[in-house]
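What follows is each chain in one-letter form.
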Amino acid sequence: MPIEPSETTPLAPTVLPNDRVEIVKIDGVVLNQTAVVGDERGIILEVIDTRSTYWSAPVPYVYMGTCRPGKAKGWGLHERHTDRYTILSGEMLLVLFDDRTDSPSHGVVQEFYLTMEGRNQVTIPIGVWHAHMNLGQDDVMFLNAPTEPFDHANPDKRTLPLDTDKIPYSFFTGLGR
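A few points on the structure.

Rules behind the numbers
Residues numbered from 1 in each chain as written. Predicted model: local features only at pLDDT ≥ 70, side-chain atom pairs only at ≥ 80, totals over all residues. Heavy atoms only, no water. Pairing = 2+ DSSP bridges. Helix = DSSP H or I, 4+ residues; strand = E, 2+ residues; numbered from the N terminus. Axes fitted to C-alpha atoms, helices over the stretch in contact; angles between N-to-C directions. Phe/Tyr/Trp six-rings, centres within 6.5 Å; stacked < 30°, edge-to-face > 60°. Buried < 20%, exposed > 50% of the residue type's maximum accessible area, 1.4 Å probe, protein only. Contact = heavy atoms within 4.5 Å. Polar contact = N/O pair within 3.5 Å; in protein donor to acceptor, adjacent residues only side chain to side chain. Salt bridge = Lys/Arg side-chain N within 4 Å of Asp/Glu carboxyl O.

Here five strands make up an open sheet; going across it, the order is β1-β9-β6-β11-β4 and the pairing antiparallel. Only two strands of the sheet have a single neighbouring strand rather than two, namely β1 (30-32) and β4 (63-67). The sheet shows a mean angle of 25° between the axes of neighbouring strands, direction not considered. With four bridges joining them, strand β6 (residues 83-89) and strand β11 (residues 140-144) adopt antiparallel strand pairing. Bridging across to β11, Y85 finds its partner in N144.

To continue, consider the packing of aromatic side chains. Enumeration according to the criterion identifies six aromatic pairs in this entry. Arranged with centres 5.0 Å apart and planes meeting at 35°, the rings of Y85 and F142 form a pair that is tilted. Note that Y85 is positioned in strand β6 and F142 in strand β11, a separation of 57 residues in sequence. The exposure class of F142 is buried, given its relative accessible area of 4%. Relative to F171, the ring of Y169 lies with its centre 5.2 Å away and its plane at 80°, an arrangement referred to as edge-to-face. Assigned by exposure class, Y169 and F171 land together as buried. An aromatic cluster is defined as three or more aromatic residues linked by ring pairs; in this entry it consists of W75, Y169 and F171.

Turning to the pairing of strand β3 (residues 42-45), a few remarks are in order. Where strand β2 (residues 36-39) meets β3, four bridges bridge the pair, whose relative direction is antiparallel. Note that in β3 the partner of D39 across the bridge is G42. Between β2 and β3, which pair antiparallel in sequence order, lie two residues.

Mapping R158 onto the fold places it in strand β12 (residues 158-159). In the structure, R158 is positioned 84 residues away from G74 in sequence and 9.9 Å away in space, judged by C-alpha atoms. Every residue in contact with R158, bar those within four places of it in the chain, is listed here: W75, G76, L77, E79 and W129. Side-chain polar atoms of R158 contact the side chain of E79, separated by 2.9 Å.

This part takes up the pattern of salt bridges. Per the counting criterion, the structure on display carries seven salt bridges. Here R41 makes a salt bridge to D39, at a shortest N to O gap of 2.4 Å. Classification of R41 as exposed rests on a relative accessible area of 72%. Judged by its relative accessible area of 34%, D39 falls in the partly exposed class. Put simply, E148 and R80 hold a salt bridge, and the shortest N to O gap is 3.5 Å. One end of the pair, E148, is in the loop between β11 and β12; the other, R80, is in the loop between β5 (72-77) and β6, with 68 residues separating them in the sequence.

Right under this line is the structure:
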């Protein structure tokens, strides 16, 4: 028996007039989709376009990172710089926790599933804990273009173990520990 339209609830729009999907729940987090151009010979992934507002802050330093299949890295937090991840290959689960007491999204935990084909750039603001896990069969490869270079003598990084009680998230059971 078909469902009558009067029995259904209309879905609220998730696409804004500029065709951006509004899914960010943590203040200051920005998602960006890069242009991927390709044909039968291969692809070109536009990583940094300084004409875009996404890249309005300087790009003084870039590094590449990997994460092996089934492995997770984190929790990390920065007090002086913002991270800007770009997924080059693989499937990454990125989890953020807003521990900033003055933030309107204080206490929010949010998961992002990132691939080169989907939303593949994310800005992680100062003061937001972050960790990631490889969900694929091959290494996840990503670039980070933080807003300041890494200082080996005075690293801008605080860490917590993955199984900390401070963050209400488990990579093995998901939200709500």
